Amino acid sequence: MPKCSSCGAEVTEEMSFCPSCNASLRSDAITSMIEDARRALNMNPNDLAARYNLALAYKLAGMTELAVNELVRVSEAQPDFADVHYELGVLYLKTGRVEEAKGCFRRVLELEPEHPRARKALEG
Ligand SMILES: [Zn+2]
């Protein structure tokens, strides 16, 4: 469980502000990326661009599991979107899920055979 850096209270990854001292728990830029994307999704849960932005913001904030959840949802709705599979592969690698990561990178190369970062990731 992460802790507030100001007061040490236990906080969750979903929180933008500490409930006990109200300190901001992440950088302002990432916080507003997350809040903008969540607002867009509240208005339209099918807004895949907003969901993808939310996933990237979670990734930047180090909220890996939340980022994975959102990327999985985008990839299911838009299976031909190569970069979603690439980002998912990167996060799976980060969490030690090597076989799942390789599956994602292979999928990227099926969609975009010249995708240089996916090729590099697979060739190690
Ligand atoms: Zn606090």
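It should be emphasised that the depicted structure is a prediction, and the values quoted were computed from it without experimental measurement.

Rules used throughout
- Residues numbered from 1 in each chain as written.
- Predicted model: local features only at pLDDT ≥ 70, side-chain atom pairs only at ≥ 80, totals over all residues.
- Heavy atoms only, no water.
- Helix = DSSP H or I, 4+ residues; strand = E, 2+ residues; numbered from the N terminus.
- Buried < 20%, exposed > 50% of the residue type's maximum accessible area, 1.4 Å probe, protein only.
- Contact = heavy atoms within 4.5 Å.
- Areas by Shrake-Rupley, 256 points an atom, 1.4 Å probe, with all protein chains shown as cover.
- Lys, Arg positive; Asp, Glu negative; His and termini not counted.
- Charge placed at Lys NZ, Arg CZ, Asp CG, Glu CD.
- Donors = N, O, S within 2.8 Å, 3.2 Å for Na, K, Ca; no water.
- Tetrahedral: all angles 85-135°; square planar, octahedral: opposite > 155°, others 65-115°.
- Expected span 1.5 Å × (residues − 1).
- Salt bridge = Lys/Arg side-chain N within 4 Å of Asp/Glu carboxyl O.
- pLDDT = per-residue confidence, 0-100.

## Considering the overall build of the protein chain
No. 1: Within the protein chain, the regular secondary structure consists of six helices and zero strands.
No. 2: Its helices and strands taken in sequence order, the protein chain reads α-α-α-α-α-α from the N to the C terminus.
No. 3: Seen through its principal axes, the protein chain has C-alpha atoms that stretch 50 × 35 × 20 Å.
No. 4: Counting the 124 residues in the protein chain, one finds 35% classified as buried.
No. 5: In the protein chain, the share of contacts with a sequence separation of at least 24, taken over all contacts with a separation of at least 6, comes to 30%.
No. 6: Roughly 7200 Å² of accessible area belongs to the protein chain as shown, and the carbon and sulfur atoms make up 51% of that amount.
No. 7: Mean positive and mean negative side-chain charge positions of the protein chain (15 and 19 charges, respectively) differ by 3 Å.

## Remarks on the coordination of the zinc ion
No. 1: Around the zinc ion, the protein contributes the donor atoms C4 (SG), C7 (SG), C18 (SG) and C21 (SG), which lie 2.3 to 2.4 Å from the metal centre.
No. 2: Around the zinc ion, the four donor atoms are arranged such that angles at the metal cover 105 to 117°; this shape is classified as tetrahedral.
No. 3: Ordering the donors of the zinc ion by residue number gives the pattern C-x2-C-x10-C-x2-C. Of this pair, C4 sits in the segment before helix 1 (28-43) while C21 sits in the segment before helix 1, and the two are 17 residues apart along the sequence.
No. 4: A relative accessible area of 3% places C4 in the buried class.

## Considering helix 3 (residues 64-77)
No. 1: Taking 1.5 Å of rise per residue, 14 residues should cover 20 Å, and helix 3 covers 20 Å from first to last C-alpha, within 8% of that figure.
No. 2: Among all positions in helix 3, only T64, L66, A67, V68, E70, L71, V74 and S75 are buried.
No. 3: For helix 3, the secondary structure elements touched by its buried residues are helix 2 (48-60) and helix 4 (82-94).

## Regarding the pattern of salt bridges
No. 1: Tallied over the full model, the rule gives nine salt bridges.
No. 2: Here E10 makes a salt bridge to K3, at a shortest N to O gap of 3.5 Å. The pair formed by E10 and K3 is uniform in burial state, with each residue classed as exposed.
No. 3: For the salt bridge of R117 with D83, the shortest nitrogen-to-oxygen distance reads 3.6 Å. Within this pair, whereas R117 is found in helix 6 (residues 116-123), its partner D83 is found in helix 4, the two being separated by 34 residues in sequence.
No. 4: Classification of R117 as partly exposed rests on a relative accessible area of 43%.

## Here we look at the confidence of the model for the protein chain
No. 1: For the protein chain, per-residue confidence averages 92 on the pLDDT scale, and residues scoring 70 or more make up 98% of the total.
No. 2: Mean pLDDT values over the elements of the protein chain span from 92, in helix 1, up to 97, in helix 5 (residues 98-111).

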